[in-house]
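Observations on chain architecture
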Amino acid sequence: MSSETYAAALARGIRAARPDLVGYVPSVSVAPVITELVEADGGAGGRSARVFPLSVEEEAMGVLGALPLAGKFGAIVMQDNGFGNALTALTTFNLAYHLPLLIVANTRGGLGEYNSMIHTVSQHVPRLLDAVGLRFFELDRRSGPADWAAVTEEAGEHARMTFRPVVVLTRFWATDGKAA
């Protein structure tokens, strides 16, 4: 059995998808993934040459989603409740203009969730993504870290192949005894 954490495996999968840039919306729940990405890229303090924070999810969709217009590919790390902010940008820009993008979103509201308010949005995210035609894949503790890396890498390839944004929904809560 691998001792790799889910956060490290997820970061490995994102790197294997070969994004030119990775943006993220800061959150304590995705911080371990960001730390893994930044350190692997030679950075520190939440930033590197290719990994950087953005203010809100719709900004991330515009900045990273526009990279294909310059022949590049982007990835975003965020929380799933941010789709409430991002759906308009995703559907009217990224999806409508066939711009590939890898989006990795920590799914809130499941087992171990301490914030009772978060269920209001997060429990509906898979149905929202399906309703607007965004392809998504779900990962939770039923799959090991190696699967998380492989599915994330494949999702990046699928985004490129289909010229569409692809979402990987990941449940960090209650995976290996801590948030990630």
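Reference entry: report on the structure contained in this document. (Residues numbered from 1 in each chain as written. Predicted model: local features only at pLDDT ≥ 70, side-chain atom pairs only at ≥ 80, totals over all residues. Heavy atoms only, no water.)

The next point concerns the packing of aromatic side chains. Following the criterion strictly, the structure yields two aromatic pairs and no others. Pairing F93 with Y97 gives two aromatic rings, centres 6.4 Å apart and planes at 50 degrees, and the pair type is tilted. (Phe/Tyr/Trp six-rings, centres within 6.5 Å; stacked < 30°, edge-to-face > 60°.)

Here we come to the pairing of strand β3 (residues 74-79). Of all six residues that make up β3, six are buried, and the element is covered over most of its length. Side chains G74, I76 and M78 of β3 all project onto a buried face; the interleaved residues A75, V77 and Q79 project onto the opposite face, where all are buried too. The pairing of strand β1 (residues 21-24) with β3 spans four bridges and is classified as parallel. Paired with V22 across the strands is A75, a residue of β3. Pairing analysis gives five bridges linking β3 to strand β4 (residues 101-106), with the strands arranged parallel. Following the sheet pairing, I76 is matched in β4 by I103. For the crossover from β3 across helix α4 (residues 83-95) to β4, the handedness is right-handed. (Buried < 20%, exposed > 50% of the residue type's maximum accessible area, 1.4 Å probe, protein only. Helix = DSSP H or I, 4+ residues; strand = E, 2+ residues; numbered from the N terminus. Pairing = 2+ DSSP bridges. Right-handed = clockwise from strand over helix to strand, strands pointing away.)

Here we come to empty space enclosed by the protein. For the structure on display, the rule yields one cavity of 30 Å³ or more. By volume, the largest cavity amounts to about 30 Å³. Taken together, R15, V22, L37, R50 and V51 form the lining of the largest cavity. (1 Å grid on protein atoms, 1.4 Å probe; cavity = no way out; pocket = protein on both sides within 12 Å on 5 of 7 lines; lining within 4 Å. Points joined across faces, edges and corners; volume = space filled by probe spheres on them.)

We now examine the pattern of salt bridges. Taken as a whole and assessed by the stated rule, the structure comprises five salt bridges. With a closest N to O distance of 2.8 Å, R12 and E4 form a salt bridge. Overall, the relative accessible area of 36% leaves R12 in the partly exposed class. For E4, a relative accessible area of 24% corresponds to the partly exposed category. Through salt bridges that share partners, R18, E157 and R160 make up one connected network. (Salt bridge = Lys/Arg side-chain N within 4 Å of Asp/Glu carboxyl O.)

So, about unusual backbone geometry. Backbone geometry at R18 places phi at a positive 60 degrees, although glycine is not the residue there. With respect to the secondary-structure elements, R18 resides in the loop between α1 (6-16) and β1. Accessibility expressed as a relative area gives 46% for R18, which makes it partly exposed. At F163, a residue that is not glycine, the phi angle is positive and equals roughly 55 degrees.

Within the secondary structure layout, A89 lies in helix α4. For A89 and A60, which are 29 residues apart along the polypeptide, the C-alpha to C-alpha distance reads 9.3 Å.

So, about the environment of S3. Relative to the helices and strands, S3 resides in the segment before α1. Classification of S3 by relative accessible area gives exposed; the value is 74%. Note: C-alpha distance between S3 and P145 (142 residues apart in sequence) is 8.8 Å.

This paragraph deals with the packing of helix α3 (residues 57-65) against α4. Where α3 meets α4, the closest approach of the two axes is 7 Å, and the angle between their N-to-C directions is 25 degrees. Judged on the interaxial angle alone, α4 and α3 are roughly parallel. Crossing of α3 over α4 shows right-handed handedness. Between α3, through E57, E58, M61, G62 and G65, and α4, the contact on the second element is made entirely by N85, A86, A89, L90, F93 and N94. (Axes fitted to C-alpha atoms, helices over the stretch in contact; angles between N-to-C directions. Parallel < 35°, antiparallel > 145°, perpendicular 65-115°, else oblique. Left-handed = near helix turned anticlockwise from the far one by under 90°. Contact = heavy atoms within 4.5 Å.)

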